[in-house]
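# A structural walkthrough
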Amino acid sequence: MSSPTRLLESHLGLTSHHAGLISARTFRSIFVTVHRPHRRHWTWDDTEIGEPYAVVLFPSGEGPDGSPLPIGQFMPPQTGTSIEWGLANEVVGVWVPVETLRDFVHDAPLRPLALDPTPMVLAFRAFTLALARNVEDTSSISRYAIERLLAEMVFGALLELYSSDLPERGHAPLVDRARSAMLVHREDPRFTIAELATELHVSLRHLQRAFAKIGTTPGDALRHLRVEFAESLLRNPDYAVLTIEEIAAHSGFSSALQLRRALRAEGLPSPTMIRPAH
């Protein structure tokens, strides 16, 4: 199982001391770390690592030459890229398994990206800094909610970057862009396909035609993502404290009944049959 110490060693080749690790909080598979770097640079080497993680870094202070640092930086694993820090820098990192991002990025290569100070990124940074400063323990349900919110914020930040900073993704197939947007909103039961079309700046009919070409509908694709997420929660013993109604709400369904119907439509058994016996 990964840990902040292991991530620093496997991704940066640094001990906790040399990475200036001050504190770390664990939200199942996502970690929030706080650093005052002792090394003037961090390098993501092309080395063989166990479970690859990407990280969003939020630094404070200036660069080594006195120039301003970007408000945030997205760093995938194994890039061979370095970041130079000033002596007064404090850095907060959100470490996310690359596997968590697979549905978003598909097979697109990840590369380092500077984050722009958009409302999404500013909210992401503020939330992360608040988490880093609050060392109080939280309940399992709170940790679950925080983990999902952090993952969605990473999705949102990448979605902005992929749609604006990466020209090649601006021409990505509409279905791919739609699925990426669905991942950001799948936990919101109020999110509709009409709102998806508006967000993608296309007509509802145009969106439906794009999905028809691959033999499905936008509604079915969104339901599948929600069912996939609900099933993962049901099978995970960490979330055994959640009721079926709560699982339904957290995965984008308006009720437990709607979740059961969606599972049946996907050829899956009922929630109680999916959940392991205790």
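The structure this text deals with has already been given above.
Residues numbered from 1 in each chain as written. Predicted model: local features only at pLDDT ≥ 70, side-chain atom pairs only at ≥ 80, totals over all residues. Heavy atoms only, no water.

### So, the overall build of the chain
For the chain, the helix and strand inventory stands at 12 helices and 8 strands. Within the chain, the proportion of its 278 residues that are buried is 45%. Summarising the internal contacts of the chain: among those between residues at least 6 apart in sequence, 70% fall at separations of at least 24. When the accessible area of the chain is evaluated, it comes to approximately 13,600 Å², of which 53% is carbon and sulfur surface. (Helix = DSSP H or I, 4+ residues; strand = E, 2+ residues; numbered from the N terminus. Buried < 20%, exposed > 50% of the residue type's maximum accessible area, 1.4 Å probe, protein only. Contact = heavy atoms within 4.5 Å. Areas by Shrake-Rupley, 256 points an atom, 1.4 Å probe, with all protein chains shown as cover.)

### Re the environment of Arg6
Note on placement: Arg6 falls in helix H1 (residues 4-12). The partly exposed category is assigned to Arg6, whose relative accessible area is 47%. Sequence separation of Arg6 and Ser16 is 10 residues, and the distance between their C-alpha atoms is 8.9 Å.

### Observations concerning the nonpolar core
Ranked by size, the top nonpolar core spans 32 residues in total, and within it Val32, Phe74, Leu101, Leu115, Phe124 and Leu150 carry the most contacts. Residue assignment for this core shows that the elements contributing at least two residues are strand E2 (30-35), strand E4 (53-60), strand E7 (90-97), helix H2 (98-105), strand E8 (113-115), helix H3 (119-133) and helix H4 (140-164). Here the element with the most residues in this core is H4; it accounts for 9 residues. Setting aside its immediate chain neighbours within four residues, Phe74 contacts Ala54, Val55, Val56, Leu101, Leu110, Arg111, Pro112, Leu113, Leu115 and Leu158. (Core = buried A, V, L, I, M, F, W, Y, C linked by side-chain atoms within 4.5 Å.)

### Section: the environment of Ser254
Relative to the helices and strands, Ser254 resides in the loop between helix H10 (244-250) and helix H11 (256-265). On the basis of relative accessible area, Ser254 is assigned to the exposed category, the value being 55%. Along the backbone, Ser254 and Arg190 are 64 residues apart, and their C-alpha atoms lie at a distance of 8.2 Å. Ser254 has contacts with Pro189 and Glu245, leaving out every residue within four places of it along the chain.

### Things to note about the sheet that holds E2
To summarise the sheet geometry, strands pair through backbone hydrogen bonds and adopt either a parallel or an antiparallel arrangement. In space, the 6 strands of this open sheet follow the order E1-E2-E7-E4-E5-E8, with antiparallel pairing throughout. Two strands bound the open sheet, and with one partner strand each, they are strand E1 (21-27) and E8. Ignoring strand direction, the axes of neighbouring strands in this sheet form an average angle of 20°. In the sheet, E2 pairs with E7 via 5 bridges, with the strands oriented antiparallel. In the sheet register, His35 faces E7, and the bridge partner there is Val91. (Pairing = 2+ DSSP bridges. Axes fitted to C-alpha atoms, helices over the stretch in contact; angles between N-to-C directions.)

### Some details on H11
Among all positions in H11, only Ala256, Leu259, Ala262 and Leu263 are buried. All buried residues of H11 fall inside an arc of 120° around its axis, so they share one side. Of the exposed residues in H11, those oriented more than 90 degrees away from the buried face are Arg261 and Arg264. The inward-facing, buried residues of H11 contact helix H9 (218-235), H10 and helix H12 (271-274). One or two residues past the end of H11 sits Gly267, with phi positive at roughly 75°. (Arc of directions from axis to C-beta.)

### With respect to the layout of surface pockets
Approximately 440 Å³ is the volume found for the largest pocket. Lining the largest pocket are 21 residues, with Arg28, Glu99, Thr100, Arg148 and Arg186 sitting closest to its centre. Among the secondary structure elements, those contributing two or more residues to the lining of the largest pocket are H2, H4 and H9. Residue composition of the lining of the largest pocket, by class: 8 nonpolar, 4 polar and 9 charged. (1 Å grid on protein atoms, 1.4 Å probe; cavity = no way out; pocket = protein on both sides within 12 Å on 5 of 7 lines; lining within 4 Å. Points joined across faces, edges and corners; volume = space filled by probe spheres on them. Nonpolar A, V, L, I, M, F, W, Y, C, P; charged D, E, K, R; others polar.)

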